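A look at the structure
Take a look at the letters that make up each chain.
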Number of protein chains: 2
Amino acid sequence: MCQLLGMNSRLPASLTLSFTGFSQRGGCTDHHSDGWGIAFFEADGQTPGRAARHFVDKESASTSPIAQMLRSYPIKSHNVVAHVRKATVGAVTLENCHPFVRELWGRYWFFAHNGDLKDFNPPLHGAFKPVGSTDSELAFCWLMQELNKSHATVPSVEELSHTLAELAPKIARHGTFNFLLSNGQALWAHASTKLHYVQRQYPFNSVHLKDEDVSMDLSDFNGPEDRLVIVVTEPLTTNEDWVAMQPGELRAFCDGALLV
Amino acid sequence: MCQLLGMNSRLPASLTLSFTGFSQRGGCTDHHSDGWGIAFFEADGQTPGRAARHFVDKESASTSPIAQMLRSYPIKSHNVVAHVRKATVGAVTLENCHPFVRELWGRYWFFAHNGDLKDFNPPLHGAFKPVGSTDSELAFCWLMQELNKSHATVPSVEELSHTLAELAPKIARHGTFNFLLSNGQALWAHASTKLHYVQRQYPFNSVHLKDEDVSMDLSDFNGPEDRLVIVVTEPLTTNEDWVAMQPGELRAFCDGALLV
């Protein structure tokens, strides 16, 4: 199995702290050593939140030079989707590393999946075809195709959430379908078996990292205006109130808060 | 203006040497300090040449931590498309950094452009829409749309080259349209004003880098089976036989050699 990590933040925020603990799960504190990937929607630009950066590597996240660079070079972002992979279906190759990216309606979309799908062979008649061989990328291509078919014009985050809530169960009936999805406007999370989230806002407290046995005072890094949500397979800290998502639950996070 | 750099290699090759000189043009030896980007098609995987990695940064290529990481961490690749940008049209934001990426027929495509297009407003009725605000990304989306429309099934490299040779002049009439394009199978280069290429093969010689005043013996890094083509705006070395492409010329490079 693999682990998911997502962030949605009202103000541009660095994920360095959470990524440090999370990337240790790629080979050190856990058995996830089959590649990893992370996508950041950057805060600035003419069209805030549209610009994205995407890093994938087949090397373990705990030893990868790219992960090392990211741990020391904070990228400020409103939305992040990350994944540490343990191969189950599909060979361990770069084209099978999550998150996957596609463009729809002039925005990039990133998708990462935890789980396995059985007998999932949807018709792909649209413009989205898998590059690799995972059931995950296939599910993403089908979601993009169906979103595109469901809306004549560019939908709002609320409309997108409504459509995704209709589409997700059609895939989830084929197996385990925990996923994170972002188009830079919002972060969507769907739980099938295991996904947790926590909201952090003023006043920020000290948190104790589960994977590194260290504590960090979040008030050192955040001001009164900061507000963000972290979504992750397994909680990253031991002293915060993580919410366990229920099977079949789809949530949209926007501006660092639960929207839907 | 900006500079383009591409590589097509028969065997997986590292671009470290050429990228070192090229990335110096982002702020040190040249005035290109408005962002840069590079895409690598990786050699291994179930579907060789399909997996891709894509790095973009708004920071100058000569000082960017990501460029620094790439100079010290060689990525072996069959096809590379790189770009150092000097903004002319479109704000200097990450979503405007080349190369741009889209998926078509289950392959990623990367495109980088040098030049300006005037009064280029093609109808985009297909599945490819620009995320940023450059004429370059618009041209790429139109190319992808027209390639998709022109072929009922997945075309060969020769068929793609034929279609691209028909499409490129329709854009080039709007201005300067030097571009590099790769889908992992081949590297296409179109010259409107300035683009050079060189083929390197056995026996490899010592080359003198233009931007760094150093010489490197290519036989230290290459064996008898290696063969590759480098395509670049301005020659990177002073003692090789660079071929200056002619206005309107479209070339396809495959397995380290000129195909079309």
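A short tour of the structure in this document, coming up. Small disclaimer: the values here were computed from a predicted structure and weren't measured. (Residues numbered from 1 in each chain as written. Chains lettered and ligands numbered in written order. Predicted model: local features only at pLDDT ≥ 70, side-chain atom pairs only at ≥ 80, totals over all residues. Heavy atoms only, no water.)

The next thing to look at is the relation of the copies chain B and chain A. Between chain B and chain A, which share one sequence, the superposing operator has a rotation angle of 180° and an axial displacement of 0.0 Å; the RMSD is 0.0 Å. The operation mapping one copy onto its partner corresponds to a two-fold rotation axis. Ranked by how close their C-alpha atoms come to the rotation axis, the residues of chain B are headed by B:Ala127, at 3.2 Å. Mapped onto chain A, 100% of the interface residues of chain B are again interface residues, and the two copies thus contact each other with one and the same surface. (Least-squares fit on C-alpha atoms with pLDDT ≥ 70 in both. Contact = heavy atoms within 4.5 Å.)

The interface is formed by 39 residues belonging to chain B together with 39 residues belonging to chain A. Of the roughly 3,100 Å² buried where chain B meets chain A, counting both sides, 58% is carbon and sulfur surface. Summed over the shared surface of chain B and chain A, the number is four salt bridges. Remark: the boundary between chain B and chain A carries 12 residue pairs in polar contact (both at pLDDT 80 or more). Every element with two or more residues in the side of chain B that touches chain A is listed here: strand S3 (52-57), helix H2 (65-72), strand S5 (100-104) and strand S6 (107-114) of chain B. Of all the elements, S3(B) adds the most residues to the side of chain B that touches chain A, at six residues. Per-class residue counts for the side of chain B that touches chain A are 18 nonpolar, eight polar and 13 charged. (Buried area = accessible area lost by both parts, 1.4 Å probe. Salt bridge = Lys/Arg side-chain N within 4 Å of Asp/Glu carboxyl O. Polar contact = N/O pair within 3.5 Å; in protein donor to acceptor, adjacent residues only side chain to side chain. Helix = DSSP H or I, 4+ residues; strand = E, 2+ residues; numbered from the N terminus. Nonpolar A, V, L, I, M, F, W, Y, C, P; charged D, E, K, R; others polar.)

Attention shifts here to the environment of A:Phe140. All names here are of chain A. Here Phe-140 shows up in helix H3 (residues 135-150). Placed 115 residues apart in sequence, Phe-140 and Arg-25 show a C-alpha to C-alpha distance of 24 Å. Filtering out sequence-adjacent residues up to four positions away, Phe-140 remains in contact with Phe-100, Val-101, Arg-102, Trp-109, Phe-111 and Leu-181.

Now for the sheet that holds S5(B). Residues and elements named next belong to chain B. Pairing within the open sheet is antiparallel, and its six strands lie in the order S5-S6-S7-S8-S14-S15. Unpaired on one side and paired on the other, S5 and strand S15 (257-258) mark the two borders of the sheet. Here strand S7 (residues 178-182) pairs with strand S8 (residues 187-190) via four bridges, running antiparallel. The residue of S8 that forms the bridge with Leu-180 is Ala-189. Strands in contact with helix H4 (residues 157-172) are S6, S7, S8 and strand S14 (250-254); relative to S8, the strand with the most contacts, it is inclined by about 25°. (Pairing = 2+ DSSP bridges. Axes fitted to C-alpha atoms, helices over the stretch in contact; angles between N-to-C directions.)

So, on to the sheet that holds strand S15 (residues 257-258) of chain A. Residue and element names in this part refer to chain A. The six strands are arranged S5-S6-S7-S8-S14-S15 in an open sheet whose pairing can be described as antiparallel. Where the open sheet ends on each side, the last strands, each with one partner, are strand S5 (100-104) and S15. In this sheet, strand S6 (residues 107-114) lies alongside S5 in antiparallel orientation, the contact comprising five bridges. Bridged to Arg-102 within S6 is Trp-109.

What follows deals with the side chain of A:Ser136. Along the chain, the position of A:Ser136 falls in helix H3. When neighbours within four sequence positions are excluded, A:Ser136 is seen to be in contact with A:His98, A:Phe100, A:Phe111 and A:His113.

Moving on, we come to the packing of aromatic side chains. The way to describe two aromatic rings as a pair is by their centre distance and the angle between their planes. Enumeration over the complete set of coordinates arrives at 21 aromatic pairs over all chains. Aromatic side chains A:Phe55 and B:Phe55 sit 5.8 Å apart centroid to centroid with 55° between the ring planes, which places their arrangement in the tilted category. Of this pair, A:Phe55 sits in strand S3 (residues 52-57) while B:Phe55 sits in strand S3, which puts the two residues in different chains. Accessibility assignment for this pair places A:Phe55 and B:Phe55 in one class, buried. Here the aromatic rings of B:Phe111 and B:Phe140 are separated by 5.1 Å at their centres, their planes lie at 0°, and the arrangement is stacked. Placement of the pair is B:Phe111 in strand S6 and B:Phe140 in helix H3 (residues 135-150), with a sequence separation of 29 residues. For the pair B:Phe111 and B:Phe140, one class covers both residues: buried. An aromatic cluster is defined as three or more aromatic residues linked by ring pairs; in this entry it consists of A:Phe40, A:Phe55, B:Phe40 and B:Phe55. (Phe/Tyr/Trp six-rings, centres within 6.5 Å; stacked < 30°, edge-to-face > 60°. Buried < 20%, exposed > 50% of the residue type's maximum accessible area, 1.4 Å probe, protein only.)

So, about the pattern of salt bridges. In total, this model carries 16 salt bridges over all chains according to the counting rule given. A salt bridge links A:Arg53 to B:Asp57, with the nearest nitrogen and oxygen atoms 3.0 Å apart. On the criterion of chain membership, the pair formed by A:Arg53 in strand S3 and B:Asp57 in strand S3 is interchain, its members lying in two chains. There is no split in this pair, since A:Arg53 and B:Asp57 are both buried. Among the ionic pairs, B:Glu42 bridges to B:Arg53, the shortest N-O distance being 3.0 Å. Taken together, the residues B:Glu42 in strand S2 (residues 36-42) and B:Arg53 in strand S3 connect sequence positions 11 residues apart.

Quick look at the pairing of strand S10 (residues 206-209) of chain B now. Residue and element names in this part refer to chain B. The side-chain alternation of S10 yields one buried face, formed by Val-207 and Leu-209, and one unburied face, formed by Ser-206 and His-208. Pairing of S10 with strand S11 (residues 214-217), which is carried by four bridges, proceeds in the antiparallel orientation. Pairing of His-208 across the sheet is with Ser-215, part of S11. Once S10 ends, the chain turns through four residues before running back antiparallel as S11, passing Asp-213 with a positive phi of about 50°.

Below, the discussion takes up H3(A). Here H3(A) is 16 residues long and its end C-alpha atoms lie 22 Å apart, about the 22 Å a rise of 1.5 Å per residue gives. With respect to burial, H3(A) is a largely interior element, 13 of its 16 residues being buried. (Expected span 1.5 Å × (residues − 1).)

On to helix H1 (residues 16-24) of chain A, then. Across the nine residues of H1(A), eight count as buried, placing the element largely inside the fold. Residues A:Leu17, A:Ser18, A:Phe19, A:Thr20, A:Gly21, A:Phe22, A:Ser23 and A:Gln24 constitute the buried set of H1(A).

Residues and elements named next belong to chain A. It is the contact of H3 with helix H4 (residues 157-172), at a shortest axis distance of 10 Å, that shows an interaxial angle of 135°. Between H3 and H4, the angle is such that the two are oblique. Crossing handedness for the pair H3 and H4: right-handed. Touching Ala-139, Trp-142, Leu-143, Glu-146, Leu-147 and Ser-150 of H3 are Leu-160, Thr-163, Leu-164, Leu-167, Lys-170 and Ile-171, all from H4. (Parallel < 35°, antiparallel > 145°, perpendicular 65-115°, else oblique. Left-handed = near helix turned anticlockwise from the far one by under 90°.)

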